[in-house]
Amino acid sequence: MRLAVVGASGRMGRAIVRLAHADGLDVVCAVGIGDVGRDIGELAGIGPIGVPVVDGLGALEHARADVVVDFSSPTATFALAPIASAAGTAIVSGTTGLSLEAREALERAALRVPVWWEPNTSAGVYVLTQIVAQAAAALADWDVEIVEVHHRGKIDAPSGTALRLAESAAAARSEQTRLVHGRSGDVGARTTDEIGMHSLRGGDVVGDHVVYLLGGGERLELVHRATSRDVFAYGALRAARWIEGRPAGRYFLRDVLGSKPPERDRAH
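Residues numbered from 1 in each chain as written. Predicted model: local features only at pLDDT ≥ 70, side-chain atom pairs only at ≥ 80, totals over all residues. Heavy atoms only, no water.

## Details of the overall build of the chain
Spelled out, the test is: Strands here mean DSSP runs of E at least two residues long; helices mean DSSP runs of H or I at least four residues long; both are numbered from the N terminus. The reference for a compact globule is 2.2 Å times residues^0.38; the radius of gyration itself is calculated from the C-alpha atoms. Buried means the residue's accessible area, taken with a 1.4 Å probe over protein chains only, is under 20% of the maximum for its type, while exposed means over 50%, and partly exposed covers the values in between. Residue contacts follow a heavy-atom distance rule, with two residues in contact if any of their heavy atoms lie within 4.5 Å. Per-residue accessibility takes into account occlusion by the displayed protein chains alone, with areas from the Shrake-Rupley method and a 1.4 Å probe. Charge counting treats Lys and Arg as positive and Asp and Glu as negative, with His and both chain ends excluded. Charge positions come from single atoms, namely NZ of Lys, CZ of Arg, CG of Asp or CD of Glu.
The helix and strand tally for the chain stands at nine helices and twelve strands. Compactness check: the chain gives a C-alpha radius of gyration of 19 Å against a globular reference of 18 Å for 268 residues, within 12% of the reference. Each principal axis of the C-alpha distribution contributes one length, and for the chain these read about 60 × 40 × 30 Å. Considering the chain as a whole, with its 268 residues, one finds that 47% of them fall into the buried category. Expressed as a percentage of contacts within the chain between residues at least 6 apart in sequence, the contacts between residues at least 24 apart total 64%. Surface summary for the chain: the accessible area is close to 12700 Å², and the carbon and sulfur share equals 50%. Side-chain charges of the chain comprise 28 positive and 32 negative groups, with the mean position of each set lying 2 Å from the other.

## Re the sheet that holds strand 7 (residues 143-150)
Two pairing modes exist for strands in a sheet, parallel and antiparallel, and in both the strands are linked by backbone hydrogen bonds. We count it as follows: Following DSSP output, two strands are said to pair if at least two bridges run between them. Where helices are involved, their axes are fitted lines through C-alpha atoms of the stretch in contact, as for all axes, and angles between N-to-C directions lie from 0 to 180°.
Spatially, five strands are ordered 8-9-7-10-11 in an open sheet, and the strand pairing comes out mixed. Lying at the two open borders of the sheet, with one neighbouring strand each, are strand 8 (178-181) and strand 11 (218-226). The average undirected angle you get between the axes of adjacent strands in this sheet is 20°. The pairing of strand 8 with strand 9 (residues 194-201) spans four bridges and is parallel. The residue of strand 9 that forms the bridge with Arg 178 is Glu 194. Here helix 6 (residues 123-138) sits on the sheet in contact with strand 10 (207-215) and strand 11, set at roughly 165° to strand 11. The strands touched by helix 7 (residues 160-172) within the sheet are strand 7, strand 8, strand 9 and strand 10, with strand 9 carrying the most contacts at an inclination of about 165°.

## Quick word on the sheet that holds strand 4 (residues 67-70)
Strands sit in the order 3-2-1-4-5-6-12 across an open sheet of seven strands; the sheet is parallel. Taken across any chain shown, the strands that pair with only one partner, and hence form the sheet edges, are strand 3 (53-54) and strand 12 (249-251). Of the strand pairs in this sheet, strand 5 (residues 90-93) and strand 6 (residues 114-117) are connected by three bridges, and their pairing is parallel. Pairing of Val 92 across the sheet is with Trp 116, part of strand 6. Each of strand 5, strand 6 and strand 12 touches helix 5 (residues 100-109); the most contacted strand, strand 6, lies at about 150° to it.

## Brief notes about the layout of surface pockets
Stated formally: Using a grid of 1 Å spacing that covers the protein atoms alone, one calls a set of points a cavity when a 1.4 Å probe fits there but cannot get out, and a pocket when the set is open and has protein on both sides within 12 Å along at least five of seven lines; lining residues are those with an atom within 4 Å of a point. Grid points are joined across faces, edges and corners, and a volume is the space filled by probe spheres set on the points. The nonpolar class holds Ala, Val, Leu, Ile, Met, Phe, Trp, Tyr, Cys and Pro. Asp, Glu, Lys and Arg form the charged class, and all remaining residues, Gly among them, are polar.
Volume-wise, the largest pocket comes out at about 1000 Å³. Contributing to the lining of the largest pocket are 40 residues, with Met 12, Phe 71, Ser 72, Ser 73 and Thr 96 lying nearest its centre. Among the elements of the structure, helix 1 (11-22), helix 4 (74-87), helix 7 and strand 10 are those that each provide at least two residues to the lining of the largest pocket. It is helix 1 that contributes the most residues to the lining of the largest pocket, three residues altogether. Residues of the lining of the largest pocket, tallied by class, amount to twelve nonpolar, 22 polar and six charged.

## Here's the deal with helix 8 (residues 230-243)
The condition is simple: Every helix has an expected span of 1.5 Å times one less than the residues it contains.
Look at helix 8: 20 Å from first C-alpha to last across 14 residues, which is about the 20 Å you get at 1.5 Å a residue. Most of helix 8 sits inside the fold, with ten of its 14 residues counted as buried. For helix 8, the full list of buried residues reads Asp 230, Phe 232, Ala 233, Gly 235, Ala 236, Leu 237, Ala 239, Ala 240, Trp 242 and Ile 243. Residue Gly 245 follows helix 8 closely and has a positive phi angle near 85°.

## Here's the deal with the side chain of Glu 148
Going by this rule: Think of a polar contact as two N or O atoms within 3.5 Å of one another; within protein, one of them needs to be a possible hydrogen donor and the other a possible acceptor, and neighboring residues in sequence only count if both atoms come from side chains.
Assignment of secondary structure puts Glu 148 in strand 7. Using a relative accessible area of 0% as the deciding quantity, one classes Glu 148 as buried. Polar side-chain contacts of Glu 148 include one of 2.8 Å to the side chain of Arg 201. In contact with Glu 148, not counting residues within four places along its chain, are Pro 158, Ser 159, Ala 162, His 198, Ser 199, Leu 200, Arg 201, Asp 208 and His 209.

## Some thoughts on empty space enclosed by the protein
With the rule as written, the count across this model stands at one cavity of 30 Å³ or more. Among the residues forming the lining of the largest cavity, the class breakdown is three nonpolar, two polar and two charged.

These figures capture arrangement, not role.
Okay, here's the thing in structure tokens:
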């Protein structure tokens, strides 16, 4: 497989390149905003592979990549989608904090090429979302609060994973819910329609997510902790191998893990 990486000079991009090389995949294009001109193999710690970092998405037009793996920024993902679709390159994206416009750009791209986007590429997080939905439905009168912790350099808050967990809980409830982002001052008693969201930032935490379900006299804590970025890189590369050669459409982690998605989620 010929692989392009967008966000290649970042921490996730370097992990993608390192693990792709170990898995025998051919990295043919590396787009990044830092270390332009340097060999991406050297940056990834695997030695030179003859692919320099470039700072323009236009490189994808001539890369002849089968799949582009994107861990960049919402604005870059927005710009990437039409370029990759025009080049006939499948898209695998783990970029978080996407705007509505960026998501719509991916949906348009999915009319021409296979597109896979998840705010968290971990299989463990996917399973957690299913457990959260089951618990929120079974414990419909319990309060739901979500706490996420990430390293000090993370830009978006709350994390895309925390939002996905909140979506899972909300979808499982028959009553309408609303997100409450932190609490300060005289906010009054908690209402039953709230899902609390709390973001902590500091140190080098890769990613911790805790979903609290709180009832009378008891509580349930559902936890996922990531201790290495490699878990996300492995998930993205697994999706890249799976999506190669698929027909145009929107795909999800549940597809890769073997579950059949609802027909309404398809773009084709």
